[in-house]
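Each chain is listed here by its residues.
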Amino acid sequence: MMKKMIPVLFVAFLVSCGGEKSENNNSKNDQENSKKSENVEVKVNNHSFSNIDEINTTHLHLDLEVNFDEKVIEGVVRHTMNNNGAKQAIFDFKQININKVTLGEKGSETETTYSTGKPDELLGKALVVDVDENTKYVNIYYSTTPESEALDWLSPELTGSGNHPFLYTQGQAILTRSWVPVQDTPENRITYSANLKVPSDLLALMSATNPTEKNESGEYTFEMKQPIPSYLLALAVGELEYADLGNNCGVYAEPHMIDKAASEFQDVPKMMTAAEDLYGDYLWETYDVIVLPYSFPFGGMENPRLTFATPTLIAGDRSLVSVIAHELAHSWSGNLVTNATWDDFWLNEGFTVYFENRIMEKLYGKDVANMLALIEYQELQESVSSMMEEGNNEDTHLKLELNHRNPDEGMTDIAYVKGSFFLKTLESKVGRERFDEFLKNYFEEHKFQTITTEDFVAYLNENLLEKDEIEFNVDEWIYNEGIPDNVVKIESARFADMKSMAKSIKNDGEKLPTDLERSKHITQEWLAFIRAFDGEVDAEKMKEIDAQLNFKDCGNAEIMSEWFILGIKNNYNELRPNIKEFLVKVGRRKFLRPIYQTLADADEDDMDFAKEVYEEARPNYHAVSFNTIDDILGVNQ
Ligand code: BES
Ligand code: ZN
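Residues numbered from 1 in each chain as written. Chains lettered and ligands numbered in written order. Predicted model: local features only at pLDDT ≥ 70, side-chain atom pairs only at ≥ 80, totals over all residues. Heavy atoms only, no water.

Asks: Quick question: what am I supposed to make of the site of ligand 1 here?
Replies: Residues in contact with ligand 1 amount to 16 residues; listed here are only the nearest, Gln-172, Gly-299, Glu-302, Glu-327 and Tyr-416. One nitrogen or oxygen atom from the side chain of Gln-172 is found 2.7 Å from a nitrogen atom belonging to ligand 1. Gly-299 places a polar main-chain atom, nitrogen or oxygen, 2.6 Å from an oxygen atom of ligand 1. Compared with its free state, where it exposes 530 Å², ligand 1 has 90% of that area covered by protein. Taken together, the elements giving at least two residues each to the shell around ligand 1 come down to β18 (300–301), α4 (322–329) and α5 (345–364). It is α4 that contributes the most residues to the shell around ligand 1, 3 residues altogether. Here the shell around ligand 1 is built from residues that sort into 6 nonpolar, 6 polar and 4 charged. (Near = heavy atom within 4 Å. Polar contact = N/O pair within 3.5 Å; in protein donor to acceptor, adjacent residues only side chain to side chain. Areas by Shrake-Rupley, 256 points an atom, 1.4 Å probe, with all protein chains shown as cover. Helix = DSSP H or I, 4+ residues; strand = E, 2+ residues; numbered from the N terminus. Nonpolar A, V, L, I, M, F, W, Y, C, P; charged D, E, K, R; others polar.)

Right, here's the structure in full:
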């Protein structure tokens, strides 16, 4: 075989049309000296402009200062590069001002010239830096802008104490480029280090080695020794405290929340033991969770060593900890073995949902794990139907085609639930023991690497199916639409009871048993109960149920959001103050999307209500959430 060919990169230098505003507002001279042209044409590969086959970052060092007054982060990112003879090094950036670019080690740097690419609304721009074949160090001096969409700057009113501001980043899928100029593709792995300066009353944390206490100077250093993809670079700055949970696990939260968080997450050390028993050693040393303010747009985000979590998990009864099992599982599926492109996203999430369910089974038993899986399966069936109805059949394939689309669009029940049911079905076919051995080897043999769907299929065939002469419809699962017929069937007697209770209330006018209390059933049983009304029930009956079980104000965001949706569909308008309070406070997109969508699909009055609430709520949301809701309500576009 010939040595891997270096693809010829098509970089056409078009004459700048001059229409675009200058990127630079700090050092005009630098810009004039070193910026050659704008709007150059650069090839895109898997949502990135970078030329990693020619030159790629191996280590990245950040020297940054976080400025809450201006809402900007400013400083330099120092790339150590593996150069295969490149004349240009190409990075991704978006909503960032580039101040200058230098080559060489700190202290002996020389300024170099660069061009910027044609702006793309989704991808941002290419930063094309002139280098020579010996260049090893590229330093980019930059500052973020208030528009940088990875960054959520919270004013003190939006935090627990109301006294200190807060900042956190969200990198996945392609947002890291809006706070650090990087080669922003999961195909490349980097180690990193950082020196940060933040206001001295705040603590800074990263997806790296972390302090557990503030220091007076506000200066912190970080190191991530294991190579990670760029979407896992992460930072949080706020008034934070740490609590040790044991077994190298801990939790960070704002002071008012730290005790509640430590109690809610007390089982995390057991989850760690369960996970290691299943698929091998945890390779990231420590595992902490940080509870962020309510605007955080996800349930959890698997930033290595430091899972970011929504405060809606703090329900008081440990009923939502499966999200932590999920993020912990990503320490293997996703962070250790990473999807090579966003079309392979199911390799991150499908494996993780499967793994999460195995952890939950070990800690809480088969019944609970089955109920979790069944609730997800209901959601999968609904998603598949609506994708098919809308003619988006191809989006039901595990292997996606997201070129020219936002990778966010791959974040559906297909990657998560169809992916996990594919693995569950495989497990039931080959037997748990053999399947676990296969998965353990898969993680071991691909650790700190990326993998495509095609490579996974080849690995599966070679190491499990062909070896043991097992027939399985792998291609149908991965490259075809819908849910294959051989999907493993799961049953739950507890669910059946909840469903029949709902049906008899709905159809036979029966009342709730008088001794029924919310705490007698787990979250998933209540979701099954609410869903069993199939969207239709008298508002009066909902009111009666609330009088006894108080769903509308129960503090469990999973139950509340499901209840609100049923209420909107049935004109249970007394819920409006509760819905409003929820939407103004919580920024988790998973809850916001269906509530706003249901309001938008109902009548004009509901749409007006949605818009009125949104006006107040939007400033409290992260860009990930408000971009989605803007689309649903057709506003701010
Ligand atoms: N990695 C995801 C979150 C994500 C995916 C962010 C794609 C940006 C782009 C995270 O692990 C996740 O899946 N979170 C879920 C948790 C749930 C499935 C238990 C969430 O936030 O709802
Ligand atoms: Zn996940």
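Back to the write-up after that little detour.
Asks: Hey, could you run me through the nonpolar core in this one?
Replies: Phe-265, Phe-422, Phe-529 and Tyr-596 are the most contacted members of the largest nonpolar core, which has 213 residues in total. If one sorts the elements of this core by residue count, helix α6 (residues 366–389) sits on top with 10 residues. Those residues in contact with Phe-265, other than ones at most four positions away along the chain, are Leu-245, Val-251, Val-289, Val-291, Leu-313, Ile-314, Val-321 and Ile-324. (Core = buried A, V, L, I, M, F, W, Y, C linked by side-chain atoms within 4.5 Å. Buried < 20%, exposed > 50% of the residue type's maximum accessible area, 1.4 Å probe, protein only. Contact = heavy atoms within 4.5 Å.)

Asks: Before we go on, may I ask you to explain unusual backbone geometry in this structure?
Replies: Residue Ala-173 follows Gln-172 across a cis peptide bond; omega there is -5°. Here Ala-173 is to be found in the loop between β10 (166–169) and β11 (190–197). In this structure, Glu-285 is a non-glycine residue whose phi angle is positive, near 70°. Positive phi is not limited to glycine here, since Asp-534 has a value of about 50°.

Asks: What's the story with the coordination of the zinc ion (ligand 2) in this structure? I'm lost.
Replies: Around a metal, the perfect tetrahedron of four donors has angles of 109.5 degrees, and the perfect octahedron of six donors has angles of 90 or 180 degrees. Coordination sphere of the zinc ion (ligand 2), protein contribution only: His-326 (NE2), His-330 (NE2), Glu-349 (OE) and Glu-349 (OE), at 2.0 to 2.8 Å. With 6 donor atoms in place around the zinc ion (ligand 2) and angles of 52 to 159° between them, the coordination shape is irregular. Among the residues examined, His-326 registers a relative accessible area of 8% and is labelled buried. (Donors = N, O, S within 2.8 Å, 3.2 Å for Na, K, Ca; no water. Tetrahedral: all angles 85-135°; square planar, octahedral: opposite > 155°, others 65-115°.)

Asks: How do you make sense of the pairing of strand β15 (residues 241–246) when you look at a structure like this?
Replies: Every regular strand shows the same layout, with side chains that alternate between the two sheet faces. Where β15 lies against strand β16 (residues 249–253), 5 bridges are found, and the strand directions are antiparallel. By the bridge assignment for β16, Gly-246 is matched with Cys-249. Where β15 folds back on β16, the antiparallel hairpin that results is connected by 2 residues, among which Asn-247 adopts a positive phi of roughly 55°. (Pairing = 2+ DSSP bridges.)

Asks: How should helix α7 (residues 413–430) be read in this particular structure?
Replies: Note that an α-helix has 3.6 residues per turn; residues three or four places apart therefore point the same way. Compared with an ideal rise of 1.5 Å per residue, which puts 18 residues at 26 Å, α7 spans 25 Å between its outermost C-alpha atoms and is within 8% of the ideal. Of all the 18 residues making up α7, 16 are buried; the element is thus mostly covered by neighbouring parts of the structure. Gly-431, located one to two residues past α7, shows a positive phi value of around 95°. (Expected span 1.5 Å × (residues − 1).)

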